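Coordinates in review
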Amino acid sequence: MKKTVGVLMLTAAFACTGDDDGDDTYVPPPIPSNIFAPMGEIVPFATAEQREIFERGKEVAERRITPEMGLGPDFNVTFCASCHEKPVTGGSAPRYRNFLLVGQELSDGSFTATGKNGVQTQFELEGPSRVPTAEGTNVIATRNGIPFFGVGLLAELTNEAILVNADPDDADGDGISGRPNYDRGFVGRFGRKSQTVSIEGFIRGPLFNHLGVTTVPLSEERKAALPVPSAADSNVRALTAEYGTTGHGQAAAPDEPTVDEDGVIDPEMSEQDLFDLIAFAMLLAAPAPDALDDAGERGERAFMDMGCDGCHVPTLVSPRGSIPVYSDLLLHDMGPELADGIRMKEATGSEFRTQPLWGLAPTGPFLHDGRADTIDDAIRMHGGEATAARDAYLAATEGTRGEVVTFLEALGGKSKKTDGLLPPNAPVPAPGEYGGPAAALTGADAEQFVRGRKIFDDDTKLGAGLGPTFNGDSCRACHFDPVIGGSGPLGLNVMRHGYVDNGVFTPPANGTMAHKIASDPEQRPPAEEQASVFEMRQTPPLFGLGMIDRISEVNIIGNEDPMDVDGDGIRGIAHVLPDGRIGRLGWKANVPSLAEFSRDATSNEIGLTVPEDATSPFGFLTDEDDVADPEITQPELDDLTFFMENLAPPPRVNATDAAVVRGEMLFDSVGCTGCHIPTLQDEDGNDVPLYSDLLLHDVAPPNAVGIADGMASIRHFRTSPLWGLRDTAPYLHDGSATTIEQAIAAHEAEADAVRMNVEMLSAQERADLLAFLESL
Amino acid sequence: MKRTTLLAAALLVACNGSGDDGGDDDTPPAWTEAFDAENDGWLLSVWGVAPNDLWIAGGQPDAGRLLRYDGTAATPADLPAETPLLNWSYGFAADDVFVVGNEGTILHWDGSAFTVESSSTTQNLWGVWGASSDDVWAVGGNGRQEGDLTLLRRQNGVWSHVALPELERPRVNALFKVWGTSANNVYAVGQRGTVVHFDGTEWTEALVGTSEDLIALWGTSADRIAIVGGRNNGQIVTWDGSNWNYQSLAPLPGLNGVWMRDPDVIHVVGVSGTLAKVDFTSLETTEDGLSGEARDFHAVYGHSEGLTTVGGNFLQVQGPYRGIAYERGLAADE
């Protein structure tokens, strides 16, 4: 197509000059060098003021939004970078951040979005916690996070720069028809279906749909001040017979203020924060491509020869010169192979925007729903208008296919490519630090720690057994706050459900877990939506888990007082499992050991089947995907367990500060230590300062309903260890407490007296108590 | 490929040196500003009983405004206190006009004063039409924010709610306009592609092939009706007496207003300064030539003297609220 354009343009020139001796090659303008930077960095041409804005906007993108700040009432995630984190903020996301689009096709063939403006939200802050699928929904499609690198450069493209490649009726007979999507007269360019033309709209929509954060459109003055000016009055649109439409610059965002009913005053994001966030996106540089080696050059030629450039047009002409986006930004019918049934503006259910290929290497999984583990898989899955190019790829030798992939991986960002989210060659933190080992490891132990960390971090691929339904695609997916191994924000909560009748809990036949994501991109994991109770479970941190694992059972049982013999109102019972062992891990203390926690979590959260172990009832031995069982080996499980076993406990800080010392005394005197026992001894007699008795207590409010698990009734929860409290918000089993104060205030039943003691403390005493808790 | 053609055309023009931009006999009369509406707030509706007595309703969210335009000047009418934004008007004579607006507002003009009529709703009312002064329909809901679908009928001087049958189309929480050719042939259009028809006895749903919001409708007879809408891209639905025909008019942006005199010509207006004509049969679109206006048009109305269209800066939801008003003559075949 590129060559055809060049030849025809030459013909036009001849018509004027009559000169037939000219060069017959169309020469696009040069590619400017000042649009590239390492992934996640700002465009080099940014001004000093824009650099400050960029940093502020990045902070907004990474800011955890709490319910008090406006999260909800329903939501999928708690911050923008949730879905734009790979390999750095602004990028894509692993599959654990996949989300669902939902809609309904009616009998007249029309399609209407259901859910929250077409997005299926997962969580509710009030009510049953799990947002049900809207009645009538008959179309479900999965979406994987889309990278933002270079979007400001795309915003600068004129309509004509995109329309030049349109061939809606396939006039040139190459089987590739490419047509634009439209948005208020402008040519769409953002989103998997090119459904949006405004970066402001592309940000305000997800803020509302995925976070429940309300905003108002930027003022005209603010729009005009964006890095890509976007004031409505600065954009002139006119219909022409030639192109259909012309437009200049970045179109203004549509829509009215978003509002919700979560009790937080709208708008929940200030105009300054919104401006900074939009500007941050606009200023993200294009990923700097790598120099091609010989194999890459051969791959580039093969890419062209196969016809991939029929849609993945190498460059588009922007006001800054040619930009190597490797996309025509047009809609193409990708056939039943990729059709998802979702219609957006002019795009049908089988049409998708040609995905830009710059920065491809580190942003997998690939395709709109992340169904492709690798670039090779993604090419093989193309259909429709790409059938000929795909078949040419399949007909090529393995070596040539590899060279095509080599070329594609050279289009930016390869140096940041890893199998998870840890950066390449990420160092192991020093012993005792967050994410590091508890003690110095050497030799084989050090190697096993690194192997285990890699298993913990790596994104599990579909081909490796992910699913068929899952919550996370890695251990790190949920355990990353403040570093790998930590806790997770609300958007990663696990959902459990069941039936409560007259206080008796009955689990669904398939268990209490209601997963978020399915490997089948057209499915939402099943849940019994008529269940009477849904309960969120917050991700607990894993730091120091090895020390907890070594606490002797007798020391746990020793603190039991099921009959409240001492009359302090605090009972505490050990969770005795069916095989007689004592549970110590999990919100219901239902897991007896770290090794079994590994088996349980890899199966329940990731969908990996585990090897049979006659001594353990945890983990699934089989599942319903096509990957041979077991999907994780025992040595891998051993490495994973070794990593967690050796993760350092949270480092204590400011332990000798006067306020902390005073707070520690208060912590004891008000009675917190009745459950949050400062230390338990391990099998070797070492004190483990976890601030928990690992027993089950009834601390639930009156009329609480929830999930029962073994001996742990609806109202029972294990005393949560308090070390690392300062860095692992939100708190409580369902993450319902944003702050430590809120968590204390939510303690009831056995903790009534202690809570009331805390309520009677002076302001200074409460501050001291918090200082102590935050020092742990 | 298209780019090449355009460049070729440009080059050829440069070659022949022709600067002739000679007139086109088919060119419709040019649009000109009707009056300076910069300080009149948003203008949402235009209707009238005579070219020199047009009613233009609008205002800002907490203060309605009604202009009487005589072809030369627009004069604000005295409205009842605390009248909110006014959205639409329709009447039967110079002394028998209904105006509806936000918060369930219904005003009736008797030639000398406005009377506030009880609507028994706080939903915004977006449209009003009647076959006679004592058979008037008003429709509403809370627009782009979800509300409650509202259908009111005025008979014997009293407004009452009318329930629609259960619709196949889901989550329809607003109707935006109502119009008909007689008391027994009334249509209402609304959210998510909703079209409902009243035959004098009952309302029935018509599934017309789109789920885009349908904003306005007009026609010249029972078998010549055009419905327009679309929030982003222009949408049109026509009824020829036998079939519904739906088409997206993209790249034409979303459409808010429609009016017809000639049964083959549909005058449409919409966002981003869109003014266009659509052929009823082919649905071919011709933009109607007003370059440089980036604000949104919301309504268009014709009369013996020509067309009038009004709108405003609807993207500026925080204000200041600006209006626009343009007019042009009508060719004989329009």
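What you are looking at is a predicted structure, and each value in this text was computed from that prediction instead of being measured.

With that settled, the discussion passes to the overall build of chain B. The helix and strand tally for chain B stands at one helix and 28 strands. By the compact-globule yardstick of 20 Å for 334 residues, chain B fits well, its C-alpha radius of gyration being 20 Å. Overall size of chain B, expressed as C-alpha extent along the three principal axes, is 70 × 45 × 40 Å. Counting all 334 residues of chain B, 51% fall into the buried class. In chain B, the proportion of contacts linking residues at least 24 apart, taken out of those at least 6 apart, comes to 46%.

Turning our eyes to something else, we now look at the overall build of chain A. Summing up its helical and strand segments, chain A has 21 helices and 26 strands in all. For chain A, the C-alpha radius of gyration of 28 Å lies close to 28 Å, the compact-globule estimate for 776 residues. Reported as C-alpha extents along the three principal axes, the dimensions of chain A are approximately 105 × 55 × 55 Å. A burial count over chain A gives 57% of its 776 residues as buried. Pairs at least 24 apart in sequence give 69% of the contacts found in chain A among residues at least 6 apart.

Quick look at the packing of helix α8 (residues 294-305) of chain A against helix α12 (residues 398-409) of chain A now. Residue and element names in this part refer to chain A. Where α8 contacts α12, the axes come no closer than 7 Å and their chain directions differ by 100°. Regarding the angle of α8 to α12, the classification is roughly perpendicular. Listed contacts from α12 to A295, G296, R298, G299, E300, A302 and F303 of α8 are T400, E403, V404, T406 and F407. The class makeup of the residues in the contact of α8 with α12 is five nonpolar, four polar and three charged.

This part is about the sheet that holds strand β11 (residues 135-140) of chain B. All names here are of chain B. The strand order across the open sheet built from four strands is β10-β11-β12-β13, with neighbouring strands paired in antiparallel fashion. The open sheet has two edge strands, β10 (125-132) and β13 (158-161), and neither has a second partner. Here the strands of the sheet are splayed against their neighbours by 20° on average, with no regard to which way each runs. Relative to β13, strand β12 (residues 150-155) runs antiparallel, the two being bridged by four bridges. Across the sheet, the residue bridging to L152 is H161, located in β13.

Moving on, we come to the sheet that holds strand β2 (residues 42-50) of chain B. Picture the strands of a sheet paired through backbone hydrogen bonds; they go either parallel or antiparallel. All names here are of chain B. The strand order β2-β3-β4-β5 describes an open sheet built from four strands, whose pairing is antiparallel. On the outer flanks of this sheet lie β2 and β5 (74-76), each paired with one strand and no other. Neighbouring strand axes in the sheet, compared pairwise and without regard to direction, differ in orientation by 25° on average. Where β2 and strand β3 (residues 53-60) come together, seven bridges link them in antiparallel fashion. Opposite W47, over in β3, you have W55 as the bridge partner.

This part covers the nonpolar core. Formed by 208 residues in total, the largest nonpolar core has its most connected members in I56, A226 and V258 of chain B. Look past the residues within four positions of A226 of chain B in its chain and what remains in contact with it is L217, W218, G219, I236, T238, V258, M260, I266 and F280 of chain B. The next biggest cluster of nonpolar side chains, apart from the first, holds 79 residues, and it includes L466, W587, A751 and L769 of chain A.

Bringing the environment of H197 of chain B into the picture now. All names here are of chain B. Tracing the backbone through its elements, the reader meets H197 in strand β16 (residues 194-198). Residues H197 and V186, eleven residues apart in the sequence, show an inter-C-alpha distance of 5.7 Å. Sequence-distant contacts of H197, defined by excluding residues within four places in its chain, comprise Y187, W203, T204 and A206.

Residues and elements named next belong to chain B. Most of strand β26 (residues 296-303) is tucked away, with eight of its eight residues classed as buried. Relative to strand β27 (residues 306-312), β26 runs antiparallel, the two sharing seven bridges. Within β27, the position partnered with F297 by the bridge is G311. Connecting β26 to the next strand, β27, in antiparallel fashion are two residues.

Before going further, it helps to examine helix α5 (residues 199-211) of chain A. Spacing of three or four residues puts side chains on the same side of an α-helix, whose turn is 3.6 residues. All names here are of chain A. Taking 1.5 Å per residue as the helical rise, α5 with its 13 residues ought to reach 18 Å, and the 17 Å between its terminal C-alpha atoms agrees with that figure. For α5, a buried count of 13 out of 13 residues is recorded, marking the element as mostly surrounded by other parts of the structure. At the exit of α5 stands G212, carrying a positive phi of roughly 75°.

The next thing to look at is the confidence of the model for chain A. Residues and elements named next belong to chain A. For chain A, per-residue confidence averages 93 on the pLDDT scale, and residues scoring 70 or more make up 94% of the total. Below a pLDDT of 50 lies the segment residues 1-22, which in the model reaches 38 contacts outside its immediate sequence neighbourhood of four places, other chains included. Between residues 238-249, whose pLDDT stays under 50, and residues either more than four places distant or in other chains, the model counts 37 contacts.

Between A729 of chain A and P730 of chain A the backbone carries a cis peptide bond, its omega angle lying at 0°. Along the chain, the position of P730 of chain A falls in the loop between β26 (716-718) and α19 (740-745). Even without being a glycine, A749 of chain A presents a positive backbone phi close to 55°. In this structure, E82 of chain B takes a positive phi of about 60° despite not being glycine. Within the secondary structure layout, E82 of chain B lies in the loop between β5 and β6 (86-93). The exposure class of E82 of chain B is exposed, given the 11 C-beta atoms found within 10 Å.

Moving on: the confidence of the model for chain B. All names here are of chain B. Across chain B, the average pLDDT comes to 90, with 90% of residues at or above 70. Taken together, the stretch residues 1-24 has pLDDT below 50 and engages in 33 contacts with residues farther than four places along the chain or on a different chain. If you check the scores for this complex, the pTM reads 0.92 and the ipTM reads 0.87.

What counts, and at which threshold
- Residues numbered from 1 in each chain as written.
- Chains lettered and ligands numbered in written order.
- Predicted model: local features only at pLDDT ≥ 70, side-chain atom pairs only at ≥ 80, totals over all residues.
- Helix = DSSP H or I, 4+ residues; strand = E, 2+ residues; numbered from the N terminus.
- Rg over C-alpha atoms; globule rule 2.2 N^0.38 Å.
- Buried ≥ 20, exposed ≤ 12 C-beta atoms within 10 Å, placed from the backbone.
- Contact = placed C-beta atoms within 7 Å.
- Axes fitted to C-alpha atoms, helices over the stretch in contact; angles between N-to-C directions.
- Parallel < 35°, antiparallel > 145°, perpendicular 65-115°, else oblique.
- Nonpolar A, V, L, I, M, F, W, Y, C, P; charged D, E, K, R; others polar.
- Pairing = 2+ DSSP bridges.
- Core = buried A, V, L, I, M, F, W, Y, C linked by C-beta atoms within 7 Å.
- Expected span 1.5 Å × (residues − 1).
- pLDDT = per-residue confidence, 0-100.

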